[in-house]
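What the coordinates show
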Amino acid sequence: MLQCETSMALFQRPLGASCLLLGVVLAAACAGPLDPPPARHVVVISLDTTRADHFGFMGSADARTPRTDALAAESIVLTDVTTVAPTTLASHTSLFTGRYPHHHGTPRNGFTVHPDNQMLPEILKAEGFHTAGFAGSFALDSRFDFPQGFDHYDESFDIRNSPRDGIDQNQRSAARVTDAALDYLDATGVPDRLFLFAHYFDAHRPYDPPPEFLDPPDAESAEPLPSIADLKQPGRYSPGERTRHALRYIRRYAAEISSMDAELGRLFDGLRERGVLDDAILILTSDHGETFLEHRELFDHGTGVYQTTMHALGVIRLPNRALGGTQVAVPASTIDLLPTALAWLGLAIPDNVDGVALPLEAEALGARAAGRQFGQATKPIGAIEDDQPWANLRKARFVRQGPFKLVQIPYLEREELFHLASDPDEQHDLLRRPSAQARGIADELRPALESWARTADPLPSSFAREQEDDTIRRLRSLGYVR
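First, a word on what this report is: a plain description of the structure on this page. (Residues numbered from 1 in each chain as written. Predicted model: local features only at pLDDT ≥ 70, side-chain atom pairs only at ≥ 80, totals over all residues. Heavy atoms only, no water.)

Comments concerning the overall build of the protein
Summing up its helical and strand segments, the protein has 11 helices and 21 strands in all. Sorting the 482 residues of the protein into buried and exposed places 57% on the buried side. Across the protein, every contact between residues at least 6 apart in sequence was considered, and the portion connecting residues at least 24 apart equals 70%. Only carbon and sulfur atoms are counted for the fraction: they give 50% of the accessible area of the protein, which is about 18,600 Å². (Helix = DSSP H or I, 4+ residues; strand = E, 2+ residues; numbered from the N terminus. Buried < 20%, exposed > 50% of the residue type's maximum accessible area, 1.4 Å probe, protein only. Contact = heavy atoms within 4.5 Å. Areas by Shrake-Rupley, 256 points an atom, 1.4 Å probe, with all protein chains shown as cover.)

So this is what it looks like as structure tokens:
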């Protein structure tokens with residue numbers, strides 16, 4: 001395998017009449033041209049509701065994610081990936097189509113995926129891959145027509161009661177997802193060409209990690225942990241009490257990720273032992289994150305489009321660890337992952353894909369100019385969706401160009417501008433007391449965002465009416481319907 005040591009320097013030029021050019025200069029000393037072996041298999045692993053800043057390889061000093069960190073060391077790591085939708089079904093449909101939700105037509109959880117969408121499993125199945133998927137949550141249940149193109153789709157969920165929140169969780173643990181995937185390969189044997197999809201849901205509320213992963217142990221016996229619903233009630237707790245209890249939930253969330261990391265390691269080991277891993281292109285990503293105390297969307301996701309929920313993981317492991325250890329800071333989007341995988345496999349990319357194929361060759365990694373990233377919220381729901389050509393049209397949306405991010409919230413008639421390099425938590429709206437530069441940047445990004453919103457031409461989708469009561473009950477259990 002070619003060993004290539006890389007270093008990066010970010011450069012930019014002022015934002016002008018065209019666009020901000022953001023690139024990565026890779027000062028690399030390589031023994032020769034990259035010639036990685038072809039991939040026989042494709043593995044996509046999605047971590048639901050998982051913040052990118054909760055992993056050691058993404059710079060967290062407190063994370064306990066040794067197995068994912070080790071995989072990242074063997075991979076290309078895209079450190080600045082943006083998701084296009086902050087809820088499970090819309091985001092995963094974008095991942096599997098390379099299209100924005102306002103094109104693939106699935107606005108949020110509980111709606112159906114139109115059969116005219118070309119999904120990644122369908123594309124690979126047509127190329128001779130055996131396709132197998134293992135879902136961790138009801139949000140990706142087959143009643144929503146998500147598993148198009150799968151030869152085998154495992155969706156055996158548990159009904160787990162959370163006494164603190166009083167809800168049932170239609171999900172299953174990371175251990176059960178890993179067991180299901182490895183047991184299936186043992187029962188059927190590894191096919192000549194395999195597409196394997198594994199979806200892990202553990203970092204989602206109600207944040208009930210195995211106790212051994214809590215550090216320090218949560219002293220619930222001394223002080224009961226209030227429900228998140230109680231924490232959200234104005235005036236219920238003093239600011240200090242609210243923060244103290246919130247930090248306990250944040251530790252529990254981190255412990256869920258540590259627990260999930262251990263099971264991911266078991267999956268990586270199992271794929272390696274079965275001869276899959278080193279013959280595969282493996283993509284590890286997250287569908288969206290979670291907001292803690294940074295914004296009004298306390299311990300939730302779907303309404304806002306801030307980085308807490310829109311910054312996603314982007315790890316691409318090539319066969320035999322080719323280009324392992326390379327980090328790329330050029331902004332990218334989750335809709336870029338499908339065309340990237342297809343291009344690397346030498347397969348045709350569907351004409352209607354919104355994403356772009358990222359170059360995975362050593363000489364091209366640093367030469368790519370950063371384009372614009374867009375995304376849109378999926379909540380609130382209800383009357384805001386009525387009489388609109390696209391259900392999410394009046395919800396929060398953003399355009400990202402280099403370090404600048406413009407956010408519009410049409411139903412609140414609000415607009416905000418952030419400089420992510422100096423304000424990664426998006427606490428300082430540059431339009432509150434705008435400088436001439438801030439006004440100029442907003443004036444350039446605004447028509448781009450509004451033009452993007454006007455391109456909405458969604459395929460038809462409808463709420464799963466045949467089992468509406470059951471669907472609503474289960475989505476409510478996951479916190480997606482009030």
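Right, picking up where we left off after that structure.
A word on the pattern of salt bridges
Tallying each qualifying case throughout the model produces 27 salt bridges. Between aspartate 186 and arginine 274 there is a salt bridge; the shortest N-O distance is 2.8 Å. Residue aspartate 186 is located in helix H5 (residues 174-188), and its partner arginine 274 is located in the loop between helix H7 (239-273) and strand E13 (280-286); the two are separated by 88 residues in the primary sequence. The residue lysine 232 makes a salt bridge to aspartate 300 at a minimum N-O spacing of 3.5 Å. Highlighted residues: lysine 232 in the loop between helix H6 (228-231) and H7 and aspartate 300 in the loop between E13 and helix H8 (307-310), separated in sequence by 68 residues. Given the relative accessible area of 33%, lysine 232 is considered partly exposed. (Salt bridge = Lys/Arg side-chain N within 4 Å of Asp/Glu carboxyl O.)

Some words on the packing of aromatic side chains
Centre distance and the angle of the planes are the two values used to describe a pair of aromatic rings. In total, this model carries 22 aromatic pairs according to the counting rule given. Centroid distance phenylalanine 150 to phenylalanine 197: 6.3 Å. Interplanar angle 35°. Geometry classified as tilted. One end of the pair, phenylalanine 150, is in the loop between strand E8 (130-134) and strand E9 (152-154); the other, phenylalanine 197, is in strand E12 (residues 194-200), with 47 residues separating them in the sequence. An angle of 10° between the planes, with centres 5.2 Å apart, marks the rings of phenylalanine 374 and tryptophan 452 as stacked. Placement of phenylalanine 374 in strand E18 (residues 372-376) and of tryptophan 452 in helix H10 (residues 436-454) is noted, with a sequence separation of 78 residues between them. (Phe/Tyr/Trp six-rings, centres within 6.5 Å; stacked < 30°, edge-to-face > 60°.)

A closer look at the sheet that holds strand E14 (residues 311-312)
Pairing between the strands of a sheet comes from backbone hydrogen bonds, and it takes one of two forms, parallel or antiparallel. Across the sheet, 3 strands lie side by side as E14-E7-E17; this open sheet has mixed pairing. Each end of this open sheet is capped by a strand with a single partner; those strands are E14 and strand E17 (332-333). (Pairing = 2+ DSSP bridges.)

What about the environment of arginine 321?
Residue position: arginine 321 is located in the loop between strand E15 (314-317) and strand E16 (326-328). A relative accessible area of 34% means that arginine 321 is categorised as partly exposed. Separated by 43 residues in sequence, arginine 321 and aspartate 278 place their C-alpha atoms 7.3 Å apart.

Things to note about the sheet that holds E13
Spatially, the 8 strands line up as an open sheet ordered E9-E8-E12-E5-E13-E15-E6-E16, and their pairing is mixed. Every interior strand has two partners, whereas the edge strands, E9 and E16, have only one. Averaged over neighbouring strand pairs, the angle between their axes works out to 10° when direction is ignored. Relative to E16, strand E6 (residues 76-78) runs parallel, the two being bridged by 3 bridges. Bridge pairing in E16 places valine 77 opposite glutamine 327. (Axes fitted to C-alpha atoms, helices over the stretch in contact; angles between N-to-C directions.)

Some points on the environment of valine 77
Along the chain, valine 77 turns up in strand E6. C-alpha separation for the pair valine 77 and isoleucine 316, spaced 239 residues apart in sequence, amounts to 6.5 Å. The contacts of valine 77, once residues within four sequence positions are left out, are Phe57, Met58, Ala72, Gly314, Thr326, Gln327 and Val328.

Points about H10
Spanning 19 residues, H10 covers 28 Å between terminal C-alpha atoms, matching the ideal 27 Å at 1.5 Å per step. Every buried residue belonging to H10 is among Ala438, Ile441, Ala442, Glu444, Leu445, Ala448, Leu449, Trp452 and Ala453, and all of these are buried. Of the surrounding elements, those touching the buried residues of H10 are helix H3 (101-104), E18, strand E19 (397-401), strand E20 (404-409) and strand E21 (414-419). (Expected span 1.5 Å × (residues − 1).)

Some words on the pairing of E8
Of all 5 residues in E8, 4 are buried; the element is thus mostly enclosed. The pairing of E8 with E9 spans 3 bridges and is parallel. Bridging from a neighbouring strand, phenylalanine 134 pairs with aspartate 154 of E9.

Some thoughts on the pairing of E12
Counting buried positions along E12 gives 7 out of 7 residues, so the element sits mostly inside the fold. Covered by surrounding structure in E12 are Leu194, Leu196, Ala198 and Tyr200 together with Phe195, Phe197 and His199, the residues of both alternating faces. Summarising the sheet, strand E5 (residues 41-47) and E12 pair through 6 bridges and their orientation is parallel. Residue serine 46 lies in a different strand from E12, and its bridge partner there is histidine 199.

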